[in-house]
Each structure stands twice: as C-alpha cells, then as structure tokens.
Amino acid sequence: MVYWSRVIEHLKNIQLELSIMKLKPKITIADHFSDLEDPRIEQTKHHQLIDIITLSICAVICGADTWVDIESYGRAKYEWLKKILELPNGIPSHDTIARVFSRLKLEQFQKCFLSWIQSISCLNPGEVIALDGKTLRHYYSRGGDKKAIHMVSAWATSQRLVL
C-alpha cells in the first residue's frame, strides 16, 4: 500500500512539474501562412504553396535576389529542404515560383509575413536600430522610364537581425 501511495504522489509531482513547465508551442512558417489563399487552379498544382513560400523565404534570407536564385538555392539545399518540406515533385522551377508570387494577393502575403516576423523577433527595451540607406548609382535614366533604386536596411543590434 505504501508503494502505491508513493507512486501516486510521484505522478502528481510530475504532473505539477509539467503544468509549471508548459512551453510555448513552436510556431512554424506554415502556421502563419495557413490563411494565405492559393490562387492556382487545383489541377495545375504540382507543388504545395507552403513549400514554395518556405523555399523562397529561406533562399531570400540566404541572399537570393531573383527567381532563378531561389530555384538554384532549392536545388543546392534539396536534401535539407526535404527534411522540412514535402516537395512531392521536387524543387519548383523559377517560372513556377514567379507565377505563384505574381498571383498572390500582396496584402494577404504581407499580413502573413509580418505575423511570422513578429512571432520570431521582439525588440528589447533600449535596443538600437541602425538604419542605412543607399541609392544605386547609374541605374536610373535621366528623363527616361527607369527610376533610381533606393535601398534601406535596418539592423537590430542586440539581436543581430536585419529587419
């Protein structure tokens, strides 16, 4: 009898510890982009929307600037990406990626993206945000249709994160 009362007491202690230690659930990119409408026709979907979104975000974070760069990143990191994405038909082509992004509702995408960014970063009190701006030289044409490209970057110093 004493043995079972000790076991029950031990189980109660474990349950109490678990309720105290409740950890926040991990929030994935898929969680934040689940409300994003897929603009494609059902029969033309060879790649999952979340796979294309996640691949693109990872590639851009690693420095991809074009659709071709995103595809190249996907091919180079295929084995790793296969661990976190389904990729039923492999890496989508740069044309497919471009087509999908051109059809997305930008406001919806922005809302999902901001939600994800806010969940993974927070500014600490007194944190310094360093801003830098540049205008690309010789890109614009005087009196022409090409406008100068202005780039701004923001750096959260304590988190070592480009915003």
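Our structure is the block above this text.
Keep in mind that what you see is a predicted model, and the values were worked out from it rather than measured. (Residues numbered from 1 in each chain as written. Predicted model: local features only at pLDDT ≥ 70, side-chain atom pairs only at ≥ 80, totals over all residues. Heavy atoms only, no water.)

Colleague: Help me understand the overall build of the protein chain in this model?
Modeller: Scanning the protein chain from terminus to terminus reveals 7 helices and 3 strands. Secondary structure of the protein chain in N-to-C order comes out as α-α-α-α-α-α-α-β-β-β. Per element, the accessible surface of the protein chain, about 12,700 Å² overall, is 59% carbon and sulfur. (Helix = DSSP H or I, 4+ residues; strand = E, 2+ residues; numbered from the N terminus. Areas by Shrake-Rupley, 256 points an atom, 1.4 Å probe, with all protein chains shown as cover.)

Colleague: What should I look at first to understand the pattern of salt bridges in this one?
Modeller: This model, assessed by the stated rule, comprises 5 salt bridges. A salt bridge links Lys45 to Glu42; the shortest N-O distance between them is 3.2 Å. A residue is classified by how much of its surface remains accessible, and Lys45, at 28% relative accessible area, is partly exposed. Since its relative accessible area comes to 59%, Glu42 is described here as exposed. When the shortest N-O distance is used, the salt bridge between Glu71 and Arg75 registers 2.9 Å. (Salt bridge = Lys/Arg side-chain N within 4 Å of Asp/Glu carboxyl O. Buried < 20%, exposed > 50% of the residue type's maximum accessible area, 1.4 Å probe, protein only.)

Colleague: Where do I start with the packing of aromatic side chains in this structure?
Modeller: The geometry of two aromatic rings is summed up by the distance between their centres and the angle between their planes. A complete count under the given rule lists 5 aromatic pairs for this structure. For the ring pair Phe101 and Phe109, a centre distance of 5.7 Å and an interplane angle of 70° mean the geometry is edge-to-face. The same class applies to Phe101 and to Phe109, which are both buried. With a centroid separation of 5.8 Å and an interplanar angle of 55°, the aromatic rings of Phe113 and Trp116 are classed as tilted. Placement of both Phe113 and Trp116 in helix H7 (residues 106–120) is noted, with a separation of 3 residues, approximately one turn of the helix. What links up through ring pairs into an aromatic cluster is the set Phe33, Trp67, Phe101, Phe109, Phe113 and Trp116. (Phe/Tyr/Trp six-rings, centres within 6.5 Å; stacked < 30°, edge-to-face > 60°.)

Colleague: Looking at this model, I keep getting lost on helix H3 (residues 49–61). Mind explaining?
Modeller: Each α-helix winds once per 3.6 residues, and so residues spaced three or four apart point in a common direction. When the terminal C-alpha atoms of H3 are compared, their 18 Å separation across 13 residues agrees well with the 18 Å that a helix rising 1.5 Å per residue should span. In terms of burial, H3 is a largely internal element, 10 of the 13 residues being buried. Leu49, Asp51, Ile52, Ile53, Thr54, Leu55, Ser56, Ile57, Cys58 and Ala59 are the residues of H3 that are buried. Packed against the buried residues of H3 are helix H2 (29–32), helix H4 (67–76), helix H5 (78–84), helix H6 (94–103) and H7. Gly63 sits one or two residues past H3 and shows a positive phi near 105°. (Expected span 1.5 Å × (residues − 1). Contact = heavy atoms within 4.5 Å.)

Colleague: I tried to follow a nonpolar patch on the surface on my own but got confused; where do I start?
Modeller: Judged by side-chain polarity, Ile129, Leu131 and Val152 come together as a nonpolar surface patch covering roughly 310 Å² of accessible area. Position of Leu131 relative to the elements: it lies in strand S1 (residues 129–135). Judged by its relative accessible area of 66%, Leu131 is exposed. (Patch = residues over 30% accessible without salt bridge, like charges linked within 9 Å, V, L, I, M, F, W, Y side chains within 5 Å.)

Colleague: What am I meant to see in the nonpolar core here?
Modeller: Inside soluble globular proteins, nonpolar side chains tend to come together where they are buried. Core analysis: the largest hydrophobic core is formed by 24 residues, its most contacted members being Phe33, Leu36, Ile53 and Leu104. Contributing elements (two or more residues each) for this core: H3, H4, H6 and H7. The element contributing the most residues to this core is H3, with 7 residues. What Leu104 contacts, discounting residues up to four positions off in sequence, is Leu36, Glu37, Pro39, Leu49, Ile53 and Phe109. (Core = buried A, V, L, I, M, F, W, Y, C linked by side-chain atoms within 4.5 Å.)

Colleague: Can you walk me through the environment of Asp38 in this structure?
Modeller: One can find Asp38 in the loop between H2 and H3. Using a relative accessible area of 24% as the deciding quantity, one classes Asp38 as partly exposed. Residues Asp38 and Gln48 lie 10 residues apart in sequence; the distance between their C-alpha atoms is 9.2 Å. Not counting residues up to four positions away in its chain, the partners in contact with Asp38 are Lys45 and Leu49. A polar contact of 2.8 Å, which involves the side chain of Asp38, links it to the side chain of Arg40. (Polar contact = N/O pair within 3.5 Å; in protein donor to acceptor, adjacent residues only side chain to side chain.)

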